[in-house]
Amino acid sequence: MKPVLDGILVVSLEQAVAAPYASSRLADAGARVIKIERPEGDFARNYDHLVMGESAYFVWLNRGKESVCLDLKQEADRAVLAAAIAKADIFIQNLAPGAVERLGFGMDQLRRDYPRLITCSISGYGDEGPYRDLKAYDLLVQAESGLSAITGNEQGSARVGVSVCDIAAGMTAFQSVMTALYARTWTGEGQHIAVSLYHALSDWMNVPYLQYAYGGREPPRCGLNHPTIAPYGAYPCRDGKAVLFSIQNEREWPLFCRDVLERAEVAVDPRFASNNQRVANRPALDEIILAVFASMDRDEAVARLEKARVAYGRVSTLEDVSNHPQNRYITVDSPAGPVRMLAPGATFDGEIPAFRKVPALGEHTEQIIAEFTGAGPA
């Protein structure tokens with residue numbers, strides 16, 4: 001099948017995670033993505049060197065792109081970027097606030113010059129508001145958005161273990177660009193899309209926000225326990241491994257007590273007669289569950305949960321994840337060689353798309369300069 005975005009040209013003046021996420025998904029869909037890097041490269045190339053000398057983040061987010069090194073302080077290099085944008089369908093950037101305007105590539109001017117161009121700026125706080133000029137990084141926004149207030153346990157807040165604000169912004173940018181591309185098919189006009197880490201993540205915060213704004217309730221930090229459903233949490237077993245399970249409705253509750261706890265009488269204990277009562281009496285309920293789970297290894301606990309048709313998930317280590325039987329994998333070429341990584345979440349007619357290589361720093365610089373300016377060999 002021909003890639004759906006074949007023939008679409010994306011120019012991305014990008015660094016780190018959010019914009020590279022968006023452009024990588026466009027590349028996965030078949031777009032040609034020209035990645036503009038500083039002469040020293042996207043700093044995400046040096047986040048670590050754990051993937052055969054390459055950075056894990058960079059390998060994940062930059063497959064299928066062409067790397068061009070430009071020093072945009074130099075007029076000749078700005079001319080290369082200008083020539084590429086003139087032919088592009090999409091221009092993405094996530095430089096610090098005001099930087100792209102100072103370079104002469106303000107979004108308003110580009111949209112006037114190229115009405116079919118879709119422009120996308122990714123920033124910390126957006127194009128308006130009192131924080132619009134602030135720099136922002138993922139962990140800063142985890143704190144600012146209130147995510148850290150509901151993440152962690154009774155001992156305190158915790159960072160979400162991946163760059164969730166950057167990824168949320170990248171996902172939002174990709175969705176929005178695809179929407180604008182579709183709109184262009186019948187309007188003939190591009191659009192400017194402004195995405196911010198704060199607003200992308202604050203949208204994900206709507207449930208606790210609404211609970212607080214309308215109900216006056218702040219969800220407690222509960223670690224691996226659900227704040228409003230019980231039992232719904234992680235329980236250690238005799239072998240030191242933990243399993244996390246959930247009772248979602250009152251039909252499951254007596255089955256859980258009979259087939260998992262093997263204590264049918266717990267189901268009719270007045271303290272646990274409804275979810276609200278189980279939440280109110282969680283310490284007493286946990287004491288019963290912990291005692292039962294401590295008497296068996298995790299595999300036995302899982303077998304009982306499956307028998308009772310109770311939803312569960314093992315609390316996996318990264319070793320467990322590396323060997324998980326449900327994994328799908330892809331192999332992507334990189335400057336250091338083939339990298340086997342976990343596949344994206346979607347398949348298409350049962351197939352995983354093919355993925356192109358991760359570029360070396362500046363691998364396509366001469367080719368792109370020749371193509372867009374006519375300087376040097378084609």
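Residues numbered from 1 in each chain as written. Predicted model: local features only at pLDDT ≥ 70, side-chain atom pairs only at ≥ 80, totals over all residues. Heavy atoms only, no water.

1. What to know about a nonpolar patch on the surface
Alright, step 1. Together, Tyr209, Leu210 and Tyr214 give the surface a local cluster of nonpolar side chains, amounting to about 400 Å² of exposed area.
Alright, step 2. Within the secondary structure, Leu210 is located in helix H9 (residues 206–215). (Patch = residues over 30% accessible without salt bridge, like charges linked within 9 Å, V, L, I, M, F, W, Y side chains within 5 Å. Areas by Shrake-Rupley, 256 points an atom, 1.4 Å probe, with all protein chains shown as cover. Salt bridge = Lys/Arg side-chain N within 4 Å of Asp/Glu carboxyl O. Helix = DSSP H or I, 4+ residues; strand = E, 2+ residues; numbered from the N terminus.)

2. Side note on helix H15 (residues 365–373)
Alright, step 1. Among the residues making up H15, those that are buried are Thr365, Ile368, Ala370 and Phe372.
Alright, step 2. Those residues of H15 hidden inside the fold are in contact with strand E1 (9–13), strand E2 (32–37), strand E3 (65–69) and helix H3 (75–87).
Alright, step 3. Directly after H15, the chain includes Gly374, whose backbone phi takes a positive value near 75 degrees. (Buried < 20%, exposed > 50% of the residue type's maximum accessible area, 1.4 Å probe, protein only. Contact = heavy atoms within 4.5 Å.)

3. Section: the pairing of strand E12 (residues 329–334)
Alright, step 1. Because side chains alternate across E12, one face comprises the buried residues Ile330, Val332 and Ser334, and the other comprises Tyr329, Thr331 and Asp333, none of which is buried.
Alright, step 2. Alignment of E12 against strand E13 (residues 337–342), held across six bridges, turns out to be antiparallel. Across the sheet, residue Thr331 finds its bridge partner in E13, namely Arg340.
Alright, step 3. Here E12 folds back onto E13 in antiparallel fashion, the turn holding two residues. (Pairing = 2+ DSSP bridges.)

4. Here we look at the packing of H3 against H15
Alright, step 1. Two numbers describe how H3 lies on H15: the axes approach to 9 Å, and their chain directions differ by 65 degrees. In terms of orientation, H3 lies roughly perpendicular with respect to H15. Here the hand of the crossing between H3 and H15 comes out left-handed. Mapping the contact onto sequence places Val80, Ala83, Ala84 and Lys87 in H3 and Ile369, Glu371, Phe372 and Thr373 in H15. (Axes fitted to C-alpha atoms, helices over the stretch in contact; angles between N-to-C directions. Parallel < 35°, antiparallel > 145°, perpendicular 65-115°, else oblique. Left-handed = near helix turned anticlockwise from the far one by under 90°.)

5. A few points about the packing of aromatic side chains
Alright, step 1. The full count for this structure, using the stated rule, is twelve aromatic pairs.
Alright, step 2. Pairwise contacts between aromatic rings join Tyr235, Phe245, Trp253, Phe256, Phe272 and Phe293 into one cluster.
Alright, step 3. Stacked on the ring of Tyr21, the Lys or Arg Arg25 has its end atom at 4.3 Å from the ring centre.
Alright, step 4. If you follow Arg63 out to its NZ or CZ, it ends over the ring of Phe355, 4.6 Å from the centre. (Phe/Tyr/Trp six-rings, centres within 6.5 Å; stacked < 30°, edge-to-face > 60°. Lys NZ or Arg CZ within 6 Å of the ring centre and 35° of its normal.)

6. What about the pattern of salt bridges?
Alright, step 1. All chains considered together, the criterion is met by 16 salt bridges.
Alright, step 2. The network of salt bridges with common partners includes Glu14, Lys35, Asp42 and Lys65.

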